[in-house]
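Residue-level listing of the chains:
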2 protein chains.
Amino acid sequence: MTKEALKKLIDTAAGRIPADLVIKNARVVDVFGGAVTQGDIAVSNGLIAGVGQYEGMEVIDAQGRYATPGFIDSHIHIESSYLTPEEIGRLLVPCGTTTIVADPHEIVNVTGLRGMEYMLDAAEETALDIKYMLPSCVPATSFEHAGGAIGAKEIAQALRDKRILGLGEFMDYPGVINAADFALERLLAAQEAGVPIDGHAPLVTGKSLNAYAAGKIITDHECTTVEEMHEKISAGMYILMRHGSACHDLERLLAGVTARNSARCLLCSDDRQPKTILEHGHLDYHLRICVQKGIDPVTAIQMATLNAATCYGMSDRGAIAPGRRADITLLDDLVAFKARQVFIAGRLIAEDGIYLPQVRQRDCAAMRGRFYVKGFSADKLKLNLHSDKVNTIEFMPGGVMTKKSVAAIKRDTQGDFVRDEGADIVKVAVVERHQNTGNVAVALLQGYGIRAGAVALSIAHDSHNIITAGVSDAEIAFAVETLIAQGGGIVLVKDLEVLETMPLPIGGIMSDQTGEWVDEKLASIHELAHDTLGISKAVEPVMSLCFMALPVIPDIKLTDMGLFDVRKFDFIPLEAE
Amino acid sequence: MTKEALKKLIDTAAGRIPADLVIKNARVVDVFGGAVTQGDIAVSNGLIAGVGQYEGMEVIDAQGRYATPGFIDSHIHIESSYLTPEEIGRLLVPCGTTTIVADPHEIVNVTGLRGMEYMLDAAEETALDIKYMLPSCVPATSFEHAGGAIGAKEIAQALRDKRILGLGEFMDYPGVINAADFALERLLAAQEAGVPIDGHAPLVTGKSLNAYAAGKIITDHECTTVEEMHEKISAGMYILMRHGSACHDLERLLAGVTARNSARCLLCSDDRQPKTILEHGHLDYHLRICVQKGIDPVTAIQMATLNAATCYGMSDRGAIAPGRRADITLLDDLVAFKARQVFIAGRLIAEDGIYLPQVRQRDCAAMRGRFYVKGFSADKLKLNLHSDKVNTIEFMPGGVMTKKSVAAIKRDTQGDFVRDEGADIVKVAVVERHQNTGNVAVALLQGYGIRAGAVALSIAHDSHNIITAGVSDAEIAFAVETLIAQGGGIVLVKDLEVLETMPLPIGGIMSDQTGEWVDEKLASIHELAHDTLGISKAVEPVMSLCFMALPVIPDIKLTDMGLFDVRKFDFIPLEAE
């Protein structure tokens, strides 16, 4: 800040000069004192000068509305919306959100640090303040091939960039718990940079949790039970209570929030698709749930604002108090939390659900998806099973976890899997697309429900190889070939014809279209997936499938290198013991 | 941290190797969850590996005692104890204190940044972890002469020293509120360094408070009422609830602590004399008061530990949780808070009230007090009053504030003050000692009660010129001359003979003796001051007098340049209007 700016701010606060902007007649939510007070908010150069009685050059009458600090999503992957940073900004700010802590590990897994640069640049085109965490686990594990690889040296180097807030979720929790060299080196790089480190430790408790937390990992967004949440709080972690498009933990975890631990609780969405945003909103939705579940509204707002700012060392925001950024959301009430006006750094950015600035897109031609797939053909999908008793990846509807099941299947004379129309088991394959390894891994998926055709995606967390499932090798191969030809995205085929596609030109994982376009396209894909391909209504046909390759979420997943048992943290054969 | 150390820490946490030290069978106070749990604390290289069931190379049985994080005094001036850092460490650690946030502005006012260096060096000789704030207002105001002067440039330079935690209390609050250049420059230097800035804003509320807080000043330890405290919390400040030897705000402020704001409340002593420490302890005393006043013990402990760590960005301590420093205090109960064993960085430092390491004193010869007093004589004490109606500095017993009173006095033919034995008014003088200005300012002091002789001190906050009060010019002059000859400290005279002295060789403000020696000496001084000189029992004869020259605490004070009205923030004549 310049001396002139600070002088102007203090002069404004003291009432010696009129403010740039005064939001008059507001019920100001005081997240420090935990109260609501009546007053005007004075703004100088985008910063709050004070709450009290003030005069300004520009005056906005809040008409008695509640003024809260702008909401902060403490953990989100923008790429999971399939949208660009510019477009997610357009959708989220009208919901009252002014800052998101984003981990661009999807695009970085595809393109390396080029993707980080693109996301940083694109963020400049939106009024939403996007703070990035540097992806820590690229690739997520050493059990897969990704398009990028970021080691401790790259981390140390990248963290010098002041635009980067900290080190992103350390998904390879076994690496930390087992004190693996690569994990130690990355953690130390972040510790030396003095930045926060995000965690990801599903079901990790006891001494393993101590080991994980000892690495100075300060958050977790993977709690499923109140007990797990409490244990993690005691270990010094902030709990990011999640309600995303795929994972719904918030409601369950709210039962664990107490007056004594609420300062350690934050709100996040992790993944949020356009449909969810357009229908339910963003953190306004979380806040509604909080209040419905009996959390005091000011406590809920603290979780959506101040607590996140404190956790991530963003002392410049998160409260309506002197010297903080004028990120302010005006609400009619603390029940529906519908944002009427949203200010970022003192500028009115959204009103009655409309994002006001013009949306400019950063050029993303350089991010166009490239597919390095060596010698793919239907032959690579054949299995040679030594037993009828196989390990299957069984869907757990509503989440991203899977169950390791054992099933009896039929084999042909070569030992290949023969689909039984009565048993809901099909082939699932991961086709490596970044490094020309020619890897194609095949396993058996249970509970997807598909009865015709195939689905192929170039979204497959976190390495984003091609993942595909279908009723026959031919359908699967056709879907994969179509996907490669269109440069990535989503492809549905039936009877060797293309049923529907959604191109995702940015790295094969993100669209350059609007949220509404993506939403309509996905709706069409979902409808066809359920109605024409027969995929179970209990399963989200795209989102669920794209998590089947993520080897850090239990129980069992498939990478381009094979079937992976997450609890053993090693590959296992298809044949069951 | 080295990779080997982190590996060992994680291996210990995971239970793969025995801990260096295990504190078995403790009731562990969990400041994150706000609970007490049963368990062992495992320590590796001075850091906590985890709480659970652990085995160790060394095992200490806590015998069911409570284990709390070591206490953190969030604001203290070591010099006010008259003791060296080494010696204060010896006294405080046995009380359960493991970290203090110290502002050495007394010694820096006397010697400039040389004093800061000395304090940093001396701190290395004690196990107590002394974190220093850089004095921000040296001299405290431009209305006095001090031995050091630190501007924005020096601040920017000094804050690069990683041993310095932040910028010390910004006592010149009018400078901030009025956006004075020097204040802006200093605040910006700290903001650019990204360090916390301490406040000092007695009675500052409303728009003035907004102006002060807008400078990113994040603490205040000068609250006197709950209302003031709540307003400051809402403005984003942490409240350091003080109970020192001179100022007792804690009890009053505890009424304002709520479940919603307690995270913004800390404990501090500000000033603490050896007598208070030896008789009442340190933060253990504060904690007893908290619990007596109905604060839940775990909340009280949070205020003494985690909250201070959070406020000052010391994420390496303040909790018994993986990865944090093993600063641990073992207590029999959460009522008396008597520390039985105190560990700092995993080392047992105090047991049953005894500091265990040998105390080595850093050489302090270079800090010997120097007195540059030009042409002092009794003549300089004469007044030439134009009126019988004068402004007096009236003592307010029990604090450091004064009342601006008006009194009718007698004058001689030259207009000099003539003491009336029936009226409790005497001369008080400040003699400049750092810059050879020859300044001697004289005013009238009401309510000190002195009936014989004089008192002279080279401790006079914050510039530490000589302050003296007595029944006649001759007695005052004799006391001042004796003080200069002995190189500073405290001098009591009666009938032109020395009654008692306490030399303070370090800058004229600190002793190189033990706390017990200082305590005995002060006891003798106090007894003689009350019994032989007749000073009012309602007044602390030394501590109170030495605050009479501090022009940042209302209402009225005396600097070497004249009588100062703190509310007007300007000099006023002795004659009343």
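These figures come from a predicted structure and were not determined experimentally. (Residues numbered from 1 in each chain as written. Chains lettered and ligands numbered in written order. Predicted model: local features only at pLDDT ≥ 70, side-chain atom pairs only at ≥ 80, totals over all residues. Heavy atoms only, no water.)

**Q** Before we move on, can you summarise unusual backbone geometry with the specific residues and values?
**A** Here the bond from A:V138 into A:P139 is cis, since omega is -5°, no more than 30 degrees from zero. By the element assignment, A:P139 lies in the loop between strand 8 (129–134) and helix 5 (152–158). With an omega dihedral of -15°, the bond running from B:H461 to B:D462 counts as a cis peptide bond. Relative to the assigned elements, B:D462 resides in the loop between strand 24 (454–457) and strand 25 (466–470). (Helix = DSSP H or I, 4+ residues; strand = E, 2+ residues; numbered from the N terminus.)

**Q** Mind laying out the side chain of B:D172, listing which residues take part and the relevant values?
**A** Residue and element names in this part refer to chain B. As for its placement among the helices and strands, D172 is situated in the loop between strand 9 (164–170) and helix 6 (173–177). Among buried charged residues, D172 stands out as having no salt bridge; its nearest opposite-charge side chain is R186, 6.8 Å away. Leaving out residues up to four positions away in the same chain, D172 has contacts with C137, A140, T141, F182, V552 and F569. (Buried < 20%, exposed > 50% of the residue type's maximum accessible area, 1.4 Å probe, protein only. Lys, Arg positive; Asp, Glu negative; His and termini not counted. Salt bridge = Lys/Arg side-chain N within 4 Å of Asp/Glu carboxyl O. Contact = heavy atoms within 4.5 Å.)

**Q** Can you explain the environment of A:M116? Please cite residues and give values.
**A** Residue and element names in this part refer to chain A. Tracing the sequence through the fold places M116 in helix 4 (residues 113–123). Taking C-alpha positions, M116 is 9.6 Å from M133, a pair spaced 17 residues apart along the chain. Once residues within four sequence positions are removed from consideration, M116 is found in contact with P104, V108, Y132, M133, L134, P135 and I164.

**Q** Just give me the short version of the pattern of salt bridges, but keep the residues and values in it.
**A** Following the criterion strictly, the structure yields 84 salt bridges over all chains and no others. A salt bridge links A:E125 to A:R362; its shortest N-O distance comes to 2.9 Å. Taken together, the positions of A:E125 in the loop between helix 4 and strand 8 and A:R362 in the loop between strand 17 (354–355) and strand 18 (389–395) put the pair 237 residues apart, joining distant regions of the chain. The buried category is assigned to A:E125, whose relative accessible area is 16%. B:R317 serves as the salt-bridge partner of B:D316, at 3.0 Å between the closest nitrogen and oxygen. Assessed through its relative accessible area of 2%, B:R317 is described here as buried. When salt bridges that share partners are traced, they join A:E117, A:D121, A:E124, A:E125, A:D161, A:R163, A:R360 and A:R362 into one network.

**Q** Kindly report on the pairing of strand 5 (residues 66–69) of chain B, identifying the contributing residues and their values.
**A** Residue and element names in this part refer to chain B. Sheet topology places strand 1 (residues 19–30) next to strand 5; two bridges connect them, and they run parallel. Following the sheet pairing, R27 is matched in strand 5 by Y66. With four bridges connecting them, strand 5 and strand 14 (residues 328–331) associate as antiparallel partners. Each residue of the ladder has a partner; that of T68, found in strand 14, is T329. (Pairing = 2+ DSSP bridges.)

**Q** Can you tell me about the nonpolar core, naming the residues and giving the values?
**A** Note on soluble globular proteins: their nonpolar side chains tend to be buried together. By size, the foremost hydrophobic cluster in this structure holds 375 residues, and its most contacted members are A:M241 and B:M241. Contact partners of A:M241, with chain neighbours within four places excluded, come to A:M229, A:L250, A:L253, A:L254, A:V257, A:C265, A:L266, A:L267, A:C268, A:H286 and A:M303. (Core = buried A, V, L, I, M, F, W, Y, C linked by side-chain atoms within 4.5 Å.)

**Q** Which residues make up the relation of the copies chain A and chain B, and what are the values?
**A** Rotating chain A by 180° and moving it 0.0 Å along the rotation axis overlays it on chain B with an RMSD of 0.0 Å. When the rotation and shift are considered jointly, the pair of chain copies conforms to a two-fold rotation axis. Taking the C-alpha atom as reference, chain A places A:A259 closest to the rotation axis, 3.2 Å from it. Comparing contact sets, 100% of the residues at the interface of chain A also lie at the interface in chain B, consistent with an isologous, same-surface contact. (Least-squares fit on C-alpha atoms with pLDDT ≥ 70 in both.)

**Q** Would you mind going over the interface of chain A and chain B in detail, with residue names and values included?
**A** With 58 residues of chain A in contact, the opposing surface of chain B contributes 58 residues. Surface buried jointly by chain A and chain B totals about 4,400 Å² across both partners, of which 55% is contributed by carbon and sulfur atoms. Counting the surface chain A buries against chain B, the share from its top three residues, A:K3, A:F32 and A:R260, is 16%. At the junction of chain A and chain B, the tally comes to six salt bridges. (Buried area = accessible area lost by both parts, 1.4 Å probe.)

**Q** Can you tell me about the confidence of the model for chain A, naming the residues and giving the values?
**A** Across chain A, the average pLDDT comes to 96, with 99% of residues at 70 or higher. At the level of chain-chain contacts, confidence expressed as ipTM amounts to 0.92, with global pTM at 0.93. (pLDDT = per-residue confidence, 0-100.)

**Q** How would you summarise helix 7 (residues 181–193) of chain A if you had to cite specific residues and measurements?
**A** Between the first and last C-alpha of helix 7 of chain A there are 18 Å, a value that for 13 residues agrees with the 18 Å anticipated at 1.5 Å per step. The complete set of buried residues in helix 7 of chain A reads A:A183, A:L184, A:R186, A:L187, A:L188, A:A189 and A:A190. On its buried face, helix 7 of chain A sits against helix 5, strand 9 (164–170), helix 6 (173–177) and strand 10 (197–199) of chain A together with helix 1 (3–13) of chain B. Where helix 7 of chain A ends, the next residue or the one after it, A:G194, has phi of about 70°, a positive value. (Expected span 1.5 Å × (residues − 1).)

**Q** Explain the environment of B:A308 residue by residue, including any values.
**A** Residue and element names in this part refer to chain B. Assignment of secondary structure puts A308 in helix 14 (residues 306–311). Note on A308: relative accessible area 0%, which makes it buried. For the pair formed by A308 and I72, sequence separation is 236 residues and the distance between their alpha carbons is 6.5 Å. Here A308 is in contact with I72, S74, L266, M303 and M314, once residues within four sequence places are set aside.

**Q** Hey, could you go over the sheet that holds strand 23 (residues 440–446) of chain B for me, with residue numbers and the actual values?
**A** Residues and elements named next belong to chain B. Judged by pairing direction, the sheet is mixed, and its eight strands sit side by side in the order 19-18-23-22-25-24-26-27 without closing on themselves. One side of each edge strand has no neighbouring strand; the edge strands of this open sheet are strand 19 (402–408) and strand 27 (497–503). Between one strand and the next, the sheet's axes are offset by a mean angle of 25°, whatever the strand orientation. Sheet topology places strand 18 (residues 389–395) next to strand 19; seven bridges connect them, and they run antiparallel. Considered in strand 19, the bridge of I393 is made with K404. With respect to the sheet, helix 15 (residues 473–485) is in contact with strand 22 (425–431), strand 24, strand 25, strand 26 (489–494) and strand 27, its orientation differing from that of strand 26 by roughly 145°. In the packing of helix 16 (residues 515–531) onto the sheet, contacts are made with strand 26 and strand 27, and the angle to strand 27 comes to roughly 150°. (Axes fitted to C-alpha atoms, helices over the stretch in contact; angles between N-to-C directions.)

**Q** Summarise the packing of helix 7 of chain A against helix 1 of chain B; cite the residues concerned and give the values.
**A** Between helix 7 of chain A and helix 1 of chain B, the least distance of the axes is 10 Å, while the angle of their chain directions is 110°. The angle between helix 7 of chain A and helix 1 of chain B places the two elements in the roughly perpendicular class. Judged by the twist between their axes, the crossing of helix 7 of chain A over helix 1 of chain B is right-handed. On helix 1 of chain B, the residues touching A:D181, A:L184, A:E185, A:L187, A:L188 and A:Q191 of helix 7 of chain A are B:K3, B:L6, B:K7 and B:I10. (Parallel < 35°, antiparallel > 145°, perpendicular 65-115°, else oblique. Left-handed = near helix turned anticlockwise from the far one by under 90°.)

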